[in-house]
Amino acid sequence: MDKQNIFTILLFQLTTIVIGKHVPVIGWSNSRLLEKTPTIPAGHFVNSDFLQKNYLDRLVASTAPHTICVFVIDKLSIDDITKYSDAYNSDSTGNALANLRVALETSVSSIVLPSVDSSELGSYLSSKVNGQVIELTDPSSLKDKSLDATKTNVIIFQLTTSPNTNDRENEIREADKMIEVVMSELNSMSTPYTALLTAQQAPIKKKLTVNSKDSVKVGRHILESNGQDDKFFFANYTEGACQVFFYSESVIVEKADGKDSLPQETWDTTGSNCTSTKSVFLVMSNDNGTNSYKFEMDIQLDKYNFWNVIKATFTMDTNGTQLMQAIDMTFVETPEQFSYHCVQSEAKSTGSGDLKIKKVIFNDLQMQPFKIENNQFSYPNDCIGFFSEGIWMGLVTGLIVILILAFGFGMLASLSVMDKFDDPKGKTITVAQSSE
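Since this is a predicted model, take the numbers as computed values, not measurements.

A. The arrangement of the overall build of the protein chain in detail. Check the secondary structure of the protein chain and you find six helices and 20 strands. Within the span of the protein chain, comprising 436 residues, buried residues form 43% of the whole. Sequence-distant contacts, at least 24 apart, represent 66% of the contacts inside the protein chain between residues at least 6 apart. Of the accessible surface of the protein chain, which amounts to about 24100 Å², a share of 51% is contributed by carbon and sulfur atoms.

B. Geometry of unusual backbone geometry. Here aspartate 364, not a glycine, exhibits a phi torsion of approximately 55°, which is positive. Mapped onto the fold, aspartate 364 is located in strand 19 (residues 357-368). A positive phi angle, close to 60°, is found at lysine 371, a residue other than glycine. Its place among the elements puts lysine 371 in the loop between strand 19 and strand 20 (380-382).

C. Representation of helix 5 (residues 168-189) in the model. Relative to the 32 Å expected for 22 residues at 1.5 Å per residue, helix 5 spans 33 Å between its end C-alpha atoms, a close match to the ideal helical length. Those residues of helix 5 not exposed but buried are Arg168, Glu171, Ile172, Ala175, Asp176, Met178, Ile179, Val182, Met183, Glu185, Leu186 and Met189. Phi turns positive, to about 55°, at serine 190, one or two residues after helix 5.

D. Examining the packing of helix 3 (residues 98-105) against helix 5 more closely. At their nearest, the axes of helix 3 and helix 5 sit 7 Å apart, and the two run at 45° to each other. Classified by the interaxial angle, the pair formed by helix 3 and helix 5 is oblique. On the side of helix 3, the interface is formed by Ala98, Asn99, Leu100 and Ala103, while helix 5 contributes Asp176, Lys177, Glu180 and Met183. Grouping the amino acids of the contact of helix 3 with helix 5 by side-chain chemistry returns four nonpolar, one polar and three charged.

E. Main features of the pairing of strand 6 (residues 153-159). With seven of seven residues buried, strand 6 lies mostly within the body of the structure. The side-chain alternation of strand 6 yields two buried faces, one formed by Asn153, Ile155, Phe157 and Leu159 and the other by Val154, Ile156 and Gln158. In terms of strand pairing, strand 3 (residues 67-75) meets strand 6 through seven bridges, oriented parallel. Its bridge partner lying in strand 6, isoleucine 68 is registered against valine 154. When strand 5 (residues 133-136) meets strand 6, the two strands line up parallel, connected through four bridges. Looking across to strand 6, one finds that isoleucine 134 is bridged to isoleucine 155.

F. Representation of the nonpolar core within the structure. Ranked by size, the top nonpolar core spans 36 residues in total, and within it Phe295, Met297 and Phe314 carry the most contacts. For this core, the secondary structure elements donating two or more residues are strand 8 (233-239), strand 9 (242-248), strand 10 (250-255), strand 13 (279-287), strand 14 (291-301), strand 15 (306-318), strand 18 (339-348) and strand 19. Listed in part, the 33 residues of the second largest apolar core include Phe71, Ile81, Leu147 and Ile155.

G. Quick look at the packing of aromatic side chains. For the structure shown, the criterion picks out 14 aromatic pairs. Between the aromatic rings of phenylalanine 233 and phenylalanine 295, the centroid separation amounts to 6.1 Å while the plane-to-plane angle is 85°, which identifies the pairing as edge-to-face. Highlighted residues: phenylalanine 233 in strand 8 and phenylalanine 295 in strand 14, separated in sequence by 62 residues. Judged by its relative accessible area of 0%, phenylalanine 295 falls in the buried class. One aromatic cluster is present, formed by Phe233, Phe246, Trp267, Tyr293, Phe295, Phe314 and Phe362 through successive ring pairs.

H. Seen up close, a nonpolar patch on the surface. A cluster of nonpolar residues, Ile391, Trp392, Leu395, Val396, Ile400 and Ile404, forms a patch on the protein surface that exposes about 570 Å² of accessible area. Mapped onto the elements, isoleucine 404 comes out in helix 6 (residues 389-413). We classify isoleucine 404 as exposed; its relative accessible area is 55%.

I. Representation of the pattern of salt bridges. A full pass over the atoms with the stated rule returns nine salt bridges. With a shortest N-O distance of 2.9 Å, arginine 101 and glutamate 105 are connected by a salt bridge. Of this pair, arginine 101 and glutamate 105 both sit in helix 3, separated by four residues, roughly a single helical turn. Given a relative accessible area of 22%, arginine 101 falls into the partly exposed group. Exposure remark for glutamate 105: the relative accessible area of 55% places this residue in the exposed category. Linking arginine 173 and glutamate 169 is a salt bridge whose minimum nitrogen-to-oxygen distance equals 2.9 Å.

J. The side chain of threonine 269, seen in detail. Mapped onto the secondary structure, threonine 269 falls in the loop between strand 11 (258-261) and strand 12 (273-276). Residue threonine 269 is classed as buried on the basis of its relative accessible area, which comes to 12%. Those residues in contact with threonine 269 that sit more than four places away from it in its chain are Ala235, Asn236, Tyr237, Leu282 and Val283.

K. Quick peek at the packing of helix 1 (residues 48-60) against helix 4 (residues 121-128). As a packed pair, helix 1 and helix 4 sit with axes 11 Å apart at the nearest point and diverge in direction by 35°. Pair helix 1 / helix 4 crosses with right-handed handedness. Residues Leu51, Gln52, Leu56, Asp57 and Val60 of helix 1 touch helix 4, and the partners they reach there are Leu121, Tyr124, Leu125 and Lys128. Here the residues of the contact of helix 1 with helix 4 sort into six nonpolar, one polar and two charged.

Rules behind the numbers
Residues numbered from 1 in each chain as written. Predicted model: local features only at pLDDT ≥ 70, side-chain atom pairs only at ≥ 80, totals over all residues. Heavy atoms only, no water. Helix = DSSP H or I, 4+ residues; strand = E, 2+ residues; numbered from the N terminus. Buried < 20%, exposed > 50% of the residue type's maximum accessible area, 1.4 Å probe, protein only. Contact = heavy atoms within 4.5 Å. Areas by Shrake-Rupley, 256 points an atom, 1.4 Å probe, with all protein chains shown as cover. Expected span 1.5 Å × (residues − 1). Axes fitted to C-alpha atoms, helices over the stretch in contact; angles between N-to-C directions. Parallel < 35°, antiparallel > 145°, perpendicular 65-115°, else oblique. Nonpolar A, V, L, I, M, F, W, Y, C, P; charged D, E, K, R; others polar. Pairing = 2+ DSSP bridges. Core = buried A, V, L, I, M, F, W, Y, C linked by side-chain atoms within 4.5 Å. Phe/Tyr/Trp six-rings, centres within 6.5 Å; stacked < 30°, edge-to-face > 60°. Patch = residues over 30% accessible without salt bridge, like charges linked within 9 Å, V, L, I, M, F, W, Y side chains within 5 Å. Salt bridge = Lys/Arg side-chain N within 4 Å of Asp/Glu carboxyl O. Left-handed = near helix turned anticlockwise from the far one by under 90°.

Right, dumping it as structure tokens:
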């Protein structure tokens, strides 16, 4: 390859391969082309139009000739990058992603997009350049390619790792070594480049096939399970364009006189209705002839395209005794295109007085009322909060220290000194004293 003024982008994506949604895009550059790009808030999904307008267009619009190199890895998620780079260890050198870490730390500018629809990324870049589009499977063959240095070119790499599902870390490490080969070649040319990392699809961690009364299959995945003996709470409401999934490994009702476990089976959704694409009233009931249970949930989509359960009630009839209680499920909130997931959720009873039902506990809850595609839950937005107890303790302690320092500096700033001094060569300063 000519050692011309080359601008290089590394994207784990191939134009002839269908790239999935909800995959990360991580970029780094030895130029400033990735500076002043939009900051993506946590949990936000970047669609293809936003990606093209705010990130890709500024790369392909560069007037100087450059080369765009695209690398595709089979599966990758932001969780993989966090886990296998040992991101939470301040002394880590990057672990399985050591070369990626070095590239990011030595870059002039960089971006991190945790969840992106990059399905049109390869074809979009290829359609915008005026030079060659080359596909490679061997990163070491880059040095043998000759490109037109007067045009913008695209080089696409397919990073194929050993198919070992039992050693995900080794697959990530192999891909990282391939990155090192290409980065070494680019650095040896001392030319400007930019790198973006993405994948064909995000790894699916759990899979669960549910045969409801309508034989609907649900794309959840449970590790080390043959799917035959699994028991779980599940409800599927489908009517026209509306589709709602509700899953929980188990549901426990905590009452004043004990606990009841609800039936782990597919619940009936008769009575549910969907008035619009922004409102769903979900009814889930189960009646075995002796005991009956029913959940009612009012789900709304707000103006920020976040959906949440604004109102919920639970009714149970056991041994002829009926109990009905409003429960607080407002904690179930997530962007429209995501499903909500939480390892353990507690819907506490609302109201005062002697409550017969204290709370309802959902274990491994996953729910989605909008944007369900291919009868599968969308990428989950987990309930883990942004501020843990440790973070709050650190923030409060830091705030107290800042207030103490501010008070101290304020006191120092208020000190005053004498504005007049006795001049031995001049008239002596006299102070009048009262005879009293």
